[in-house]
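In case you want the letters, here they are:
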Amino acid sequence: MPMKGRFPIRRTLQYLNQGDVVFKNSVKVMTVNYNTFGELGEGARKFVFFNIPQIQYKNPWVQIMMFKNMTPSPFIKFYLDSGEQVLVDVEEKTNKEIVQHIKKIIGKSEETLEKEAREKMKLRHPATFGPKKYHLRECMCEIKGQIPCPGKVPLPKEMTGKYKAAMKENAASEAGSV
Amino acid sequence: MRRGIVASPGPASALLGRCFPGLPLLAAPRRGRKSRTDPPAKSKLGRIKLPPPVDPAELLVVQERYRHYLSILRTLRAEFRHEVEQRRYAEKYGDVGKQRKEAAMEEHRQLMAFNDAENRRLQQRREERLRREEAEVKERRLRGDQNRALHLEKLLEEREREVLQLQEEAKDFVTLDNLEEKIEECLNNPRNYNFAVDKDGRVAKRSVLS
């Protein structure tokens, strides 16, 4: 079944994960004013069409609003939680340039992202087992390469406890009788 | 009441003395064969279940030791927890935190300044572009006016030429005055229009023109 619509690749997870703009925690709202006509606003149109889904995917708690044909020139505005508004003029820019500019002025830096990833990893110790809320895995059977869960796939007879106990009894009884 | 498959004689058979000691056990005994409502066995009627015997002196000693051990562990844990809390508090509200926040604010200011510079640059470019466009429009209008003026002049000239030509031709017109003379002239000069003409307007050679 083919994908529907123009450029349905924008709806794939792989494409969305490729977006690398993560806004700082102080950014709450982003508005994009652009026009549907004009050669100079082509970059803004492409930005809205191709890059906004990636940005929203990476920043699910930021409200993004688009306004069409309200102003003669396209611009982007960020509303921070301190009340500050950041205006970014995007006329005569390609969509790549817009993304780079935004990432520079209001995106989290690479080191911040790495630090956050490391902090997150620290919370989940890979050697412990328990509830999913606090640990990575609940049982050894969840790990690749280990024995599957005996609840789903029965263990071979030789590994069950009752067989081993029976064998031990047998050996003991034979030793006793001899 | 027996649930499930009944196994062959259990481990007790070994003690009771089996007939064929070489034979292996077919299946191990199953735990918990009796359900909740089954009565206990007759052999268990006089059974009194007692807890394992305990030496009081040993028990006291062991308890005391456990008390010490657990209290040490508790204090250690509290100590570590306190340290972590202190670090977190210092991170958030202490000097380290303040410095970090200051640095972040400074960076933010710099980035905003950079953004403003970029905006100003684009604004200048936009003004430049608008000025150029205005100039172009003005020039185009001017040229249009000039062309229109030229066109009008040409028209006027043509009209004048036509009028002059008409005046010239008017001299040959037949009016009531020179009607008689014209008739005389035509009668005196008969013309034969009986000739062939090709598409280019040339007269065919073989026809006789008189």
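Rules and cut-offs
- Within each chain, residues carry numbers counting from 1 in the order of the written sequence.
- Going through the entries in the order they are written, you letter the chains from A and number the ligands from 1.
- Owing to the predicted nature of the model, reporting of local features is limited to residues with pLDDT of at least 70; listing and counting of side-chain atom pairs is limited to 80 or more, with chain, interface and lining totals taken over all residues.
- With hydrogens and water excluded, all non-hydrogen atoms of the structure serve as input to the side-chain values.
- The helix and strand labels rest on DSSP assignments: H or I over at least four residues marks a helix, E over at least two residues marks a strand, and numbering proceeds from the N terminus.
- What makes two residues a contact is simply this: any of their non-hydrogen atoms within 4.5 Å.
- We define buried area as the total accessible area lost by two parts upon association, computed with a 1.4 Å probe and summed across both.
- Should a side-chain nitrogen of Lys or Arg be within 4 Å of a carboxyl oxygen of Asp or Glu, the pair is scored as a salt bridge.
- Counting of polar contacts relies on pairs of N or O atoms within 3.5 Å, with two restrictions inside protein: one atom must be capable of donating a hydrogen and the other of accepting it, and residues adjacent in sequence are counted only when both atoms are side-chain atoms.
- Summary of the metric used: pLDDT quantifies the predictor's per-residue confidence within the range 0 to 100.
- Only residues whose relative accessible area exceeds 30% and that form no salt bridge are eligible for patches; like-charged ones are grouped when within 9 Å, while nonpolar side chains (Val, Leu, Ile, Met, Phe, Trp, Tyr) are grouped when within 5 Å.
- Calculation of accessible area relied on Shrake-Rupley with a 1.4 Å probe; when residues are assessed, cover is drawn exclusively from the protein chains displayed.
- Charge convention: Lys and Arg are scored as positive, Asp and Glu as negative, and His as well as the terminal groups of each chain are ignored.
- By convention, the point assigned to a charge is CZ for Arg, NZ for Lys, CD for Glu and CG for Asp.
- One bridge is not enough; two strands pair if DSSP finds at least two bridges between them.
- Every axis corresponds to a line fitted to the C-alpha atoms, with the helix fit spanning only the stretch in contact, and the corresponding angles, defined between N-to-C directions, vary from 0 to 180 degrees.
- Residues belong to a common nonpolar core when they are buried Ala, Val, Leu, Ile, Met, Phe, Trp, Tyr or Cys residues joined through side-chain atoms within 4.5 Å.
- Each residue is placed in one exposure class: buried if its accessible area under a 1.4 Å probe, protein chains only, is under 20% of its type's maximum, exposed if it is over 50%, and partly exposed if it falls in between.

Here the focus is the side chain of Arg45(A). Looking at the secondary structure, you find Arg45(A) in helix α2 (residues 42–58). Apart from residues no more than four positions distant in its own chain, Arg45(A) is found in contact with Tyr34(A), Asn35(A), Thr36(A), Phe37(A) and Gly38(A).

Moving on: the interface of chain A and chain B. Residue-level contacts link 22 residues of chain A with 19 residues of chain B. The largest share of the area that chain A buries against chain B comes from Asp89(A), Glu92(A) and Ile105(A), three residues that together contribute 26% of it. Taken together, the links from chain A to chain B amount to six salt bridges. Here Arg125(B) ties to Glu92(A) by a salt bridge, and the two come within 2.9 Å at their closest N and O atoms. Our count for the contact surface shared by chain A and chain B stands at nine residue pairs in polar contact (both at pLDDT 80 or more). Within the residue set of the side of chain A that touches chain B, elements represented by two or more residues are β4 (85–89), α3 (95–106) and α5 (161–177) of chain A. The dominant element in the side of chain A that touches chain B, judged by the number of residues it contributes, is α5(A), at seven residues.

Another point: the confidence of the model for chain B. All names here are of chain B. Residues at a pLDDT of 70 or more form 83% of chain B, whose mean pLDDT is 86. In the predicted structure, residues 1–19 sits below a pLDDT of 50 and forms 19 contacts with residues beyond four places in sequence or in another chain. Both scores are given for the predicted complex: the pTM is 0.63, the ipTM 0.76.

A cluster of acidic side chains, namely Asp177(B), Glu180(B), Glu181(B), Glu184(B) and Glu185(B), defines a negative patch on the protein surface. With respect to the helices and strands, the residue Glu180(B) is situated in helix α4 (residues 179–188).

Our next topic: the sheet that holds strand β3 (residues 75–80) of chain A. Residue and element names in this part refer to chain A. Ordered by their spatial adjacency, four strands build an open sheet running β2-β1-β3-β4, and the pairing between neighbours is mixed. Of all the strands in the sheet, just β2 (63–68) and β4 have a single pairing partner and so form its edges. Direction aside, the axes of adjacent strands within the sheet are offset by 15 degrees on average. Here β3 pairs with β4 via five bridges, running antiparallel. The partner of Phe75 across the bridge, within β4, is Asp89. Contacting β1 (27–34), β3 and β4, α3 crosses the sheet at an angle of about 20 degrees to β3.

So, on to the nonpolar core. Phe23(A), Met30(A), Phe47(A), Ile76(A), Phe78(A), Ile102(A) and Ile106(A) are the most contacted members of the largest nonpolar core, which has 26 residues in total. Secondary structure elements with two or more residues in this core: β1, α2, β3, β4 and α3 of chain A together with α3 (95–170) of chain B.

A separate point is the pattern of salt bridges. Throughout the structure, instances matching the rule amount to 25 salt bridges over all chains. A salt bridge links Arg87(B) to Glu83(B), with the shortest nitrogen-to-oxygen separation between them at 2.7 Å. One end of the pair, Arg87(B), and the other, Glu83(B), are both in helix α2 (residues 56–93), four residues apart, so they sit about a helical turn from each other. With a relative accessible area of 41%, Glu83(B) lands in the partly exposed category. In this structure, the salt-bridge partner of Glu85(B) is Arg88(B), at a minimum N-O distance of 3.9 Å. Note that Glu85(B) and Arg88(B) are positioned in helix α2 at a spacing of three residues, about one turn of the helix. It is possible to trace a salt-bridge network through shared partners that takes in Asp89(A), Glu91(A), Glu92(A), Arg125(B), Arg126(B) and Arg129(B).

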